Structure formats: structure tokens, C-alpha cells
Protein chains: 2
Amino acid sequence: MEYYAGIDVGGTKIYAVVINNEGEILGRAKLKTGGDRTFEVVFKRILECYNMACQNSQIEEKQIAAVGLAVPSSVDRLRRVIKHAPNLSWENIKFSEPLKNGFGKPVFVDNDVNMGVFGEYHFGAGKGLKSIYGMFVGTGLGGGYVFDGQIVRGVSYTGGEVGHMIVKIGGPRCNCGNKGCLEAFAAKAGMIKYMKNLVDKRGKKTLLEKLAPNWRTTVGSSALRKAFQKKDKVVMKALKRSANAIGVAAANLISVVGVDAIIIGGGVIEELGDFFMPLIRKSMIKHAFANGAEGVALLESQLGDDAVALGAAWFVRLPEKQNMLFR
Amino acid sequence: MEYYAGIDVGGTKIYAVVINNEGEILGRAKLKTGGDRTFEVVFKRILECYNMACQNSQIEEKQIAAVGLAVPSSVDRLRRVIKHAPNLSWENIKFSEPLKNGFGKPVFVDNDVNMGVFGEYHFGAGKGLKSIYGMFVGTGLGGGYVFDGQIVRGVSYTGGEVGHMIVKIGGPRCNCGNKGCLEAFAAKAGMIKYMKNLVDKRGKKTLLEKLAPNWRTTVGSSALRKAFQKKDKVVMKALKRSANAIGVAAANLISVVGVDAIIIGGGVIEELGDFFMPLIRKSMIKHAFANGAEGVALLESQLGDDAVALGAAWFVRLPEKQNMLFR
């Protein structure tokens, strides 16, 4: 039996799993990322978390054949560079040497959302399908596209960046600098801007002032849920606008590449899926060309916190991918 | 040596090629589609054109191993139905029996733009690349996506319908019923609506009144070129708006799937490419997320009239596709 590890490196936590070659999770471990975000310090915690996961799985570290590392950044696989991870304040990190020295075995690095969608493709909502597109809605909106078992990345490693699909030329400014990106409508950062405008410029009132006093900077999905349950009009409008835009993006995906399923996940959906998913579906059906939404499944993600780490571990297990490992 | 035929069935002409198993075109034939658009009548002309192409290739018809038929419609390959071809006034045509009786050999039917992009992938601008997206700009805007040798269609056969990607929520009405589709900005039908508004509602003048008196209904790409060369402001504005939207769509494709190359073709580009392509490129670079346009080639299509028929003929040649033929 061979074993593999997958590690999800995020801005708040590091999460590791160990799997066998059937994809069963044998053990997990979780650590806070910590305040010091220099790559060297975080990498020590990554190794620590990895060793904890091995212990929790009752596997000796030397039995691990390969490691998949998922980071919140696009990854230049040829030059072996983590390009830009704002959540970790990492810029152009050359990972080849440290990983080789740290793990002493094959390690593969890729974008976290890609790995999460890959996990859903093999073990979650996308199991058995030919092609899926995942969208994960939180502070930002990340995505990933798997076609026929392959993660589609493109030459500049932007594949999956559906959050920056422009759905309204000349629309609201996105954090990326462009205007009218999906993220500027659908993710929490965009919702906040929109709600600020309703409250500060158009005199609307919101329960968020009490529920989440810092809502103008950051707002938890659970606060949004509470406000929504009390029928807060400002929050309701922002959520409807978000769901409508995600539905437009889903319709666009159907027209552009025509996937079998669109899988929606992330904090906002986990808290508000009951309300969100029917609205997204309605908008998707309305905006899809030539009844294109017929037969396309719109699904919630299934794997929760495991998705990214499991996807990364499974990715390094697949023999035909071994030639892409960074040794 | 084995031989294959490909036939491009359009609203104005039927165009057939015969190739050998290296993809060399041995002969061509062309016929007007004619006024009677019933499937039975057009199908007779398809057979006539096919036999002419065999004669022109000095190949006996019985030496043709399989035929690829490209139609201006989405095609339901499981139910063997040509779904909706407005240029031919065809609706839900069941093609299995007539093709079997007419050709007496394997025939594969698919969307014309898909076949054209497949042709460009193997023999034209996309030769040697992993993934390309083609956009063809004429009265409408059709597209096709080839990833790793496969035409990506999706469960509802809408893959490639980039003309109906919504790039402006709440934007101008498209012929499909939705608002803000790429086609409503970029294709001739959308340009005409925009120019009518400039002339009829905002009092602008255009040389098209002389160059193409029927421009409010239909306008040739050559008339657009002539007006453009005389610096007609109305035409210039419409062309710039079109190129900007195509650039946004190209940037969206880079974010969503990240292709190696985007290939632009069709009547408008053939007439105005010198002017159009730099504008599209500028908009693509400006709107692409995270410098995603770096390394993505923006190319003009190369195969002209041959693209669709050659693509269809080559598609039926590929052995691994034989299981998808309709016998």
C-alpha cells in the first residue's frame, strides 16, 4: 500500500490529510498559520502539520510517496514559482529548493481552488462526470475547471479565475483593477461595497451595524445569515444581486464550454445555500443560451474542509501525473 | 490509402472537400444552396456537391471511407437531430435515416463552427497547440473550443457559443432574447442596431446610406471596409465597440479556461483585420486578469473557406473518433 499527503495552506489555517491509494482519508491535522507570514516560518508550520497528520494516520512519514501542496496563489509550474498570494503576503516565491530539502520526496504545488475542484471531481459532487466547473464564494470568488480528468490551466495559469470574468462592461470596480468582474458583484468584498453605497449614500438602514459593527471592512457569512433571517433589506438586496451574477456566470460557462455540472461552494454558500442556490439556478436558466442549462447539474460542494487537501493528495497519486511532479 | 470527405452546408453555399489520410485536400466543389430550403431538396444538392468533389479529386466515390457533414446548427448527437438552423429554416431534423440511405457509409454531423475550429487546430493557426478558442465574426458570432484534441461541447451541446456570453448585464438586447451578449456588441447584427441608434436617434450621418442603402437590414463587410477607409465616424464607433467587446471576451476566455491561442476569423475580420486585430489585442491585454494575456497568442484564422469542410473531413478520419460516427 502506498500513501500520499495533501496540505491546504491558507491565510488562517494549514490543513493536512493523509490518504491511501484508494483515496480514503486516514488522518487529518490542523494548525493556525500564525502571524509571521514569511515563507520560511510558514513552511516550518507546514512541515509540522504534515508530520502531525502522519502521526494521526498511524503512518510513518517515510511511507508517504508524494506530497501535494495547495496554496492560495496562481503557480508557475515551469519556473516553480508561487506567483502572488495576498492572503500570505507572498510574492514570487521560488519553492523548488525549500520543498526538496524540507520533504525529501516528490512534492507538487498548485492553486488551492484547483485542488479543491479536483477533489470534488473525484470524490465529491462531481464524481463520475466528464467536466465540472467549481466556484467558491467567500471574500473573493475562486474557481477551477476540470475537463476529462485534467485541470485546465492555460499557458498563463489563469484557468479557473472565473471571479474575474467580466459580466458587466463598465460595471463596478473590482479589487483586481478591472471593472465589472463577477467577483465585484458576487463575493463578499463586492457585496460590502454595494451595501456601503446603499447605507452611506442612499440612507438605507441595516442590522449589520449591530450584528457585525466592522461590516464596512469585513463581514462573516454567519452575520450575513443572521441579517438575512431577520429580513434585512440591505443584505437581501446584496445577496440577490450576488446570486443573479453567479447565475449569469454559470450561464456563460454553459455557453462557453458547456460543462456537465457547476459546483458552488465556499463560506457564503455553506451559510446561505438554501436561499442562494435556488436564486442562482433561476438566473442560470434564464440567462443560458438556447435552453443550455437543461441537463447541467447545479450542485453544492460536498467535501467541506477536506476538499483542497484531499484533491492535492489525490492529484499526486495519479500515476500519469507523476511526470509533472517537482522533485 | 484511405480518403475522407467533408461538407460545409451553409445558408448560401455548399462546399465539399476530399482529403487523403494525411489531410491533403485532393479536390473541392461548390454549389449554391438554392432557394428551396427543405431538408430533402438541400440534401440532394449536398450529395451532388459531394459527388462533384470526388470527381474533382479523381477519387471514386466508393473509396471514401467516411463523410463529415458540418451544419449551421447545434447538433444533438445522441438523438441524431439537427436542432435549430435558422439560416436553412431547419428545425429538429432527424438525420440518421436520410444520411444512411444517401451516403451508404459512416457519416458524422456536427456544428460548422466547431468543425472550422477543429480544422484550424490541426492545419491552421492552432497547429501544434494544446488548446484554442475560435471566434468567427459575421452577421452573428460563432465559436468553438478545442482542448487537447477534443472539441468541447458539454451536455447540452452549447460549448463554443461564446457569442452568447453575457458581457454586460442589462446591456443591449440580443437576437437570442437575452441582454448584453457578446454578439449584441460584436457581430454585424449588433453593430447595425447600434448604428441605427446613432443615425436615427442621435442625428449622426453615415456614408453607408450611399455605400449600402439597405444597411439598416443587412450590410456587407466590404461596405463596412469602404466606409471605414473614408473615416466614417458612425462605422468607426461601431467597429471600435465591437473590437472592445471581443477583447473583453478574449480576456474572459483567458480567465475562465486559459487557452494557448484565441483565433479570430469570419467575414468582418477578413475585410477589416488590419484595423480590428490590434484593437482586440489592446482590449484583451487591458481586461485580462493578472497579466493573463501574456503568452496567449491572438491569431487570425488561416484556412479561409476550407476550414469547416477540412475540419469535418479530418474529424471523421481520426480513428479514436470512429465510435462516435452515425452509421
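Please read all numbers here as calculations on a predicted model, not as lab measurements.

**Some words on the packing of aromatic side chains**
Residue and element names in this part refer to chain A.
Then, number 1: Inspection of every chain in the model, using the stated rule, returns 19 aromatic pairs over all chains.
Then, number 2: Where Phe228 meets Phe275, the ring centres are 4.2 Å apart and the plane angle is 45 degrees; that geometry is what we call tilted. Here Phe228 is found in helix 7 (residues 221–229), whereas its partner Phe275 is found in helix 9 (residues 267–287), with 47 residues between them in sequence.
Then, number 3: Judged by its relative accessible area of 16%, Phe228 is buried.
Then, number 4: A network of ring pairs unites the aromatic residues Phe39, Phe43, Tyr50, Trp90 and Phe103 as a single cluster.
Then, number 5: The residue whose ring lies beneath Arg317 is Trp314, and the NZ or CZ to ring-centre distance is 4.2 Å.

**What about the sheet that holds strand 11 (residues 150–151) of chain B?**
Residues and elements named next belong to chain B.
Then, number 1: Read from one edge to the other, the open sheet built from five strands follows the order 11-10-9-12-13, with strand pairing classed as mixed. In this open sheet, the two strands that pair with only one neighbour each are strand 11 and strand 13 (297–300).
Then, number 2: As paired strands, strand 10 (residues 141–147) and strand 11 are joined by two bridges and run antiparallel to one another. For Val146, the partnering residue across the bridge sits in strand 11 and is Ile151.
Then, number 3: Lying over the sheet, helix 9 (residues 267–287) contacts strand 9 (131–137), strand 12 (261–265) and strand 13, oriented at roughly 170 degrees with respect to strand 13.

**Concerning the interface of chain A and chain B**
Then, number 1: Each partner contributes to the interface: chain A provides 44 residues, whereas chain B provides 44 residues.
Then, number 2: Across the interface of chain A and chain B, roughly 3600 Å² is buried in total on both sides, 60% from carbon and sulfur atoms.
Then, number 3: Joining chain A to chain B, the criterion identifies zero salt bridges.
Then, number 4: Remark: the boundary between chain A and chain B carries 26 residue pairs in polar contact (both at pLDDT 80 or more).
Then, number 5: Those elements giving two or more residues to the side of chain A that touches chain B turn out to be strand 10 (141–147), helix 8 (233–256) and helix 9 of chain A.
Then, number 6: Of the residues contributing to the side of chain A that touches chain B, the split by class is 21 nonpolar, 15 polar and eight charged.

**Quick word on the packing of helix 1 (residues 39–56) of chain A against helix 2 (residues 96–103) of chain A**
Residues and elements named next belong to chain A.
Then, number 1: Where helix 1 contacts helix 2, the two axes come as close as 11 Å, and the packing angle between them is 35 degrees. Seen from above, helix 1 lies across helix 2 with right-handed handedness. Listed contacts from helix 2 to Phe39, Phe43, Ile46, Leu47 and Tyr50 of helix 1 are Pro98, Leu99, Gly102 and Phe103.

**Some thoughts on a negative patch on the surface**
Then, number 1: A cluster of like negative charges, contributed by Glu270(A), Glu271(A), Asp274(A) and Glu300(A), occupies part of the molecular surface.
Then, number 2: Mapped onto the elements, Glu270(A) comes out in helix 9.

**Description of the environment of Arg37(B)**
Residues and elements named next belong to chain B.
Then, number 1: Structurally, the position occupied by Arg37 is in the loop between strand 3 (25–32) and helix 1 (39–56).
Then, number 2: Taking C-alpha positions, Arg37 is 35 Å from Leu299, a pair spaced 262 residues apart along the chain.
Then, number 3: In this view, Arg37 contacts Gly11, Val42, Asn87, Leu88 and Trp90; residues no more than four positions away in its chain are not counted.
Then, number 4: At 2.8 Å, the side chain of Arg37 and the backbone oxygen of Gly34 are in polar contact.

**Quick look at the relation of the copies chain A and chain B**
Then, number 1: Between the two copies, chain A and chain B, the superposition gives an RMSD of 0.0 Å; the rotation angle is 180 degrees and the shift along the axis is 0.0 Å. Here the symmetry operator amounts to a two-fold rotation axis. Of every C-alpha in chain A, the one belonging to Lys168(A) sits nearest the axis of rotation, 1.9 Å from it.
Then, number 2: Interface overlap between copies is the fraction of interface residues in one copy that are interface residues in the other; for chain A against chain B it reaches 100%, indicating a shared surface.

**Some thoughts on the pattern of salt bridges**
Residues and elements named next belong to chain A.
Then, number 1: On inspection of all chains with the given rule, the structure shows 17 salt bridges over all chains.
Then, number 2: Notably, a salt bridge pairs Asp76 with Arg79, separated by 3.0 Å at the nearest N-O pair.
Then, number 3: Its salt-bridge partner being Asp200, residue Arg216 comes within 2.6 Å of it at the nearest N-O pair. Placement of Arg216 in the loop between helix 6 (208–211) and helix 7 and of Asp200 in helix 5 (residues 188–201) is noted, with a sequence separation of 16 residues between them.
Then, number 4: Judged by relative accessible area, which is 29%, Arg216 ranks as partly exposed.
Then, number 5: Linked through salt bridges whose partners overlap, the residues forming this network are Asp200, Glu209 and Arg216.

**Notes on helix 7 (residues 221–229) of chain B**
Residues and elements named next belong to chain B.
Then, number 1: Taken residue by residue, helix 7 has Ser221, Ala223, Leu224, Ala227 and Phe228 as its buried positions. Seen along its axis, helix 7 keeps its buried residues to an arc of 155 degrees; they face one direction.
Then, number 2: On its buried face, helix 7 is in contact with helix 5 (188–201), helix 6 (208–211), helix 8 (233–256) and helix 9.
Then, number 3: Once helix 7 finishes, Lys231 follows within two positions and takes phi at roughly 60 degrees, a positive value.

**Notes on the confidence of the model for chain A**
Then, number 1: Scored by pLDDT, chain A has a mean of 94; 97% of the residues are at 70 or more.
Then, number 2: ipTM for the predicted complex: 0.93, alongside a pTM of 0.94.

**Some points on a positive patch on the surface**
Then, number 1: Residues Arg173(A), Lys179(A), Lys193(A), Lys240(B), Lys282(B) and Lys286(B) make up a contiguous surface patch of positive charge.
Then, number 2: If you trace the backbone, Lys282(B) turns up in helix 9.
Then, number 3: Taking relative accessible area as the criterion, Lys282(B) reaches 62% and is therefore assigned exposed.

**Remarks on unusual backbone geometry**
All names here are of chain A.
Then, number 1: Not every positive phi belongs to a glycine, and Asp148 is a case in point at roughly 55 degrees.
Then, number 2: Its location among the elements puts Asp148 in the loop between strand 10 and strand 11 (150–151).
Then, number 3: Relative accessible area serves as the criterion here: at 39%, Asp148 is assigned to the partly exposed category.
Then, number 4: Even without being glycine, Asn291 reaches a positive phi, approximately 55 degrees.

**Let's talk about helix 1 of chain A**
All names here are of chain A.
Then, number 1: When the terminal C-alpha atoms of helix 1 are compared, their 25 Å separation across 18 residues agrees well with the 26 Å that a helix rising 1.5 Å per residue should span.
Then, number 2: Of all the residues in helix 1, the buried ones are Phe39, Val42, Phe43, Ile46, Leu47, Cys49, Tyr50, Ala53 and Cys54. Taken around the axis of helix 1, the buried residues stretch over an arc of 165 degrees, which confines them to a single face. When the buried face of helix 1 is taken as reference, the exposed residues oriented beyond 90 degrees from it are Glu40, Lys44 and Gln55.

**Some points on the environment of Tyr145(B)**
Then, number 1: Relative to the assigned elements, Tyr145(B) resides in strand 10.
Then, number 2: Residues Tyr145(B) and Pro213(B) lie 68 residues apart in sequence; the distance between their C-alpha atoms is 37 Å.
Then, number 3: When neighbours within four sequence positions are excluded, Tyr145(B) is seen to be in contact with Tyr145(A), Val152(A), Val256(A), Val257(A), Ser131(B), Ile132(B), Tyr133(B), Gln150(B), Ile151(B), Val152(B), Val257(B) and Val259(B).

**Comments concerning the pairing of strand 13 (residues 297–300) of chain A**
All names here are of chain A.
Then, number 1: In the sheet, strand 12 (residues 261–265) pairs with strand 13 via four bridges, with the strands oriented parallel. Of the residues in strand 13, the one forming a bridge with Ile264 is Glu300.
Then, number 2: With respect to chirality, the unit in which strand 12 leads through helix 9 into the neighbouring parallel strand 13 is right-handed.

**Regarding the state of the cysteines**
Residues and elements named next belong to chain A.
Then, number 1: According to the stated counting rule, one finds zero disulfides over all chains in the structure shown.
Then, number 2: A disulfide-free cysteine, Cys174 has its sulfur positioned 3.8 Å from the sulfur of Cys176, the nearest such atom.
Then, number 3: Judged by relative accessible area, which is 4%, Cys174 ranks as buried.

About the thresholds
All residue numbers refer to positions counted from 1 along the written sequence of the respective chain. For this description, chains carry letters from A and ligands carry numbers from 1, given in the order in which they are written. Only residues with pLDDT of at least 70 get local features here, since the model is predicted, and only at 80 or more are side-chain atom pairs given and counted; chain-wide, interface and lining totals rely on the full set of residues. Excluded from the side-chain calculation are hydrogens and water; included are all heavy atoms of the structure. In this scheme Phe, Tyr and Trp rings, the latter by its six-membered ring, pair at centre separations within 6.5 Å, and the angle between planes marks the pair as stacked below 30 degrees, edge-to-face above 60, and tilted otherwise. A helix here means a DSSP run of H or I that spans at least four residues, while a strand means a run of E at least two residues long, and both kinds are numbered starting from the N terminus. Exposure categories follow from relative accessible area, calculated using a 1.4 Å probe and restricted to protein chains: below 20% of the type maximum is buried, above 50% is exposed, and the middle band is partly exposed. Two conditions define a charge sitting above a ring: the NZ of Lys or the CZ of Arg must be within 6 Å of the ring centre, and it must be within 35 degrees of the ring normal. Here, any two strands with at least 2 DSSP bridges between them count as paired. Any two residues having at least one pair of non-hydrogen atoms within 4.5 Å are treated as being in contact. Note on definitions: angles span 0 to 180 degrees between N-to-C directions of axes, and those axes are lines fitted to C-alpha atoms, for helices only across the stretch in contact. Two parts lose some accessible area (1.4 Å probe) when they are put together, and adding that loss for both gives the buried area. Salt bridges are identified by distance alone: a Lys or Arg side-chain nitrogen within 4 Å of an Asp or Glu carboxyl oxygen. Think of a polar contact as two N or O atoms within 3.5 Å of one another; within protein, one of them needs to be a possible hydrogen donor and the other a possible acceptor, and neighboring residues in sequence only count if both atoms come from side chains. Gly falls in the polar group here, along with every residue not listed as nonpolar (Ala, Val, Leu, Ile, Met, Phe, Trp, Tyr, Cys, Pro) or charged (Asp, Glu, Lys, Arg). Crossings are classed by handedness, with left-handed meaning an anticlockwise turn of the near helix from the far one by less than a right angle and right-handed meaning a clockwise turn. Here the term patch refers to residues with relative accessible area over 30% and no salt bridge, with like charges joined within 9 Å and nonpolar side chains (Val, Leu, Ile, Met, Phe, Trp, Tyr) within 5 Å. Here the accessible surface of atoms and residues is derived via Shrake-Rupley with a 1.4 Å probe, and residues count as covered only by protein chains that are part of the display. Asp and Glu count as negative and Lys and Arg as positive, but His and the ends of the chain are not part of the count. The atoms used to mark charge sites are NZ of Lys, CZ of Arg, CG of Asp and CD of Glu. The superposition of copies rests on a least-squares fit of C-alpha positions from residues with pLDDT of 70 or more in both. Our arc is simply the arc of the directions from the helix axis toward the C-beta atoms. pLDDT gives the predictor's per-residue confidence on a scale running from 0 to 100. Helix span, expected: 1.5 Å multiplied by one less than the number of residues in the helix. When the strands point away from the viewer, a crossover counts as right-handed if the path from the first strand over the helix to the second runs clockwise. Note that a disulfide, as used here, is simply two cysteine sulfur atoms within 2.5 Å.

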